[in-house]
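Listed below are the residues making up each chain.
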Amino acid sequence: MARIVVLTGAGISAESGIRTFRAADGLWEDHRIEDVATPEGFARDPELVLRFYNERRAAAAAAEPNAAHRALARLTQAHQVTVVTQNVDDLHERGGSRGVIHMHGTLNGALCARCGHRWTAPRVMQVTDPCPACGAPASRPDIVWFGEMPYRMAEIWQALRAADLFVSIGTSGNVYPAAGFVADARHAGIATLELNLEPSAGSRLFDAARHGPATQIVPAWVAEMLAAA
Ligand code: APR
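Residues numbered from 1 in each chain as written. Predicted model: local features only at pLDDT ≥ 70, side-chain atom pairs only at ≥ 80, totals over all residues. Heavy atoms only, no water.

**Thoughts on the site of the ligand**
- Residues in close proximity to the ligand total 22 residues, the closest being F21, R22, T171, S172 and E198.
- Note that an oxygen atom of the ligand is positioned 2.7 Å from one of the side-chain N or O atoms of R22.
- With the chains in place, 91% of the 730 Å² that the ligand exposes on its own is no longer accessible.
- In the shell around the ligand, the residues fall into nine nonpolar, 10 polar and three charged.
- The residues that make up the shell around the ligand include at least three from each of domain 1 (1–17 + 65–104 + 150–229) and domain 2 (19–62 + 107–143). (Near = heavy atom within 4 Å. Polar contact = N/O pair within 3.5 Å; in protein donor to acceptor, adjacent residues only side chain to side chain. Areas by Shrake-Rupley, 256 points an atom, 1.4 Å probe, with all protein chains shown as cover. Nonpolar A, V, L, I, M, F, W, Y, C, P; charged D, E, K, R; others polar. Domains from an automatic or database assignment.)

**Let's talk about the sheet that holds strand β8 (residues 191–196)**
- Taken in spatial order, the six strands line up as β3-β2-β1-β7-β8-β9 in an open sheet, and their pairing is parallel. Whereas interior strands pair on both sides, the edge strands pair on one side only; in this sheet they are β3 (101–102) and β9 (208–211).
- Both strand β1 (residues 3–8) and strand β2 (residues 80–85) contribute to a ladder of six bridges, which runs parallel. Its bridge partner being in β2, V5 is matched across the sheet by T82. (Pairing = 2+ DSSP bridges. Helix = DSSP H or I, 4+ residues; strand = E, 2+ residues; numbered from the N terminus.)

**Details of helix α7 (residues 153–161)**
- Turning to α7, its buried residues number three or more, namely M153, I156, A159 and L160. Angular distribution of buried residues about the axis of α7 spans 125 degrees; they occupy a single face of the element. More than 90 degrees from the buried face of α7, the exposed residues found are A154, Q158 and R161. (Buried < 20%, exposed > 50% of the residue type's maximum accessible area, 1.4 Å probe, protein only. Arc of directions from axis to C-beta.)

**Some points on the nonpolar core**
- The biggest cluster of nonpolar side chains holds 27 residues, and the ones touching the most others in it are W28, F52, Y53, L107, I143 and W145.
- Mapped onto this core, the elements with two or more residues apiece are α1 (27–30), α4 (46–62) and β4 (105–112).
- Residue-level mapping places this core at the junction of two domains, with at least three residues from each of domain 1 (1–17 + 65–104 + 150–229) and domain 2 (19–62 + 107–143).
- Non-local contacts of Y53, meaning those with residues more than four positions away in its chain, are made with V36, A37, L107, P141, I143 and W145.
- With 22 residues, the next largest nonpolar core counts I4, V83, I169 and A214 among its residues. (Core = buried A, V, L, I, M, F, W, Y, C linked by side-chain atoms within 4.5 Å. Contact = heavy atoms within 4.5 Å.)

**Some details on the side chain of T192**
- You can see T192 is positioned in strand β8.
- Judged by its relative accessible area of 2%, T192 falls in the buried class.
- Not counting the four nearest positions on each side in its chain, T192 is found in contact with L165, F166, V182, A185, R186, L205, F206, D207 and A208.

**Section: the domain arrangement of the protein**
- Domain assignment breaks the protein into domain 1 (1–17 + 65–104 + 150–229) and domain 2 (19–62 + 107–143).
- Taking only C-alpha atoms into account, the centre of domain 1 sits 26 Å from that of domain 2.
- On the side of domain 2, 13 residues touch domain 1, which itself brings 14 residues to the contact.
- Carbon and sulfur atoms supply 53% of the area that domain 1 and domain 2 bury against each other, a total of about 920 Å² over both sides.
- Contact with domain 2 buries area across many residues of domain 1, yet A10, V88 and Y151 alone supply 47% of it, more than any other trio.
- On the surface where domain 1 and domain 2 come into contact, there are five residue pairs in polar contact (both at pLDDT 80 or more).
- Residues that form the side of domain 1 that touches domain 2 fall into these classes: six nonpolar, five polar and three charged. (Buried area = accessible area lost by both parts, 1.4 Å probe.)

Okay, structure coming up:
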């Protein structure tokens, strides 16, 4: 029984049809980050921001978990697994994972920009939606924007420190603090593995790496981990 912390990024959901961010057809090709993924962008044009997340919520609802999500859920048959995801879709949960830590928030969450109240987001969020607690028309997606603190970092550091193995799946290693987890794991003497379509920005920091589509390399790795347990 190994204690494994798995960090995932947009690449694990790519084969479910969910767009990644920094590929040639990525989300950041169509939208400027500062317009749709910052508090300033939301203050400037809340309509545009809600429309961006309504589109992503609809895409996530229409998508299905893939073999990589389902393989990660199987890994818990023999190991203690903590899934930390940068993704805001719910494909890990729908693929069978439990206790997933969404460090960048979730599309299914809504947050009041005025009083901080949280509730389950409607499929389509409107600027005029009143907060169920304070009534202010200040609804925003419960998503961590650039310049904001990621969620549940204390739990993540705690799980990292106690891990035997840190595995990074489907992330380009461009955004901190997630991009720094591999260096922290190495510093703590924890084994590290990258499973990604291609070498990420932090590839050279990993003890080992396997490159290819997640739906192929993740189930293969999980099968090895279950056989070795
Ligand atoms: N299988 C495995 N990996 C894949 C696949 C696939 N089918 N398709 C793409 N990838 C890899 C890419 O090679 C890339 O390294 O997934 C990674 C996606 O990188 P990004 O688009 O940068 O997404 P991510 O790393 O999750 O971005 C991190 O940045 O924009 C912010 O908040 C946003 O959570 C996001 C964060």
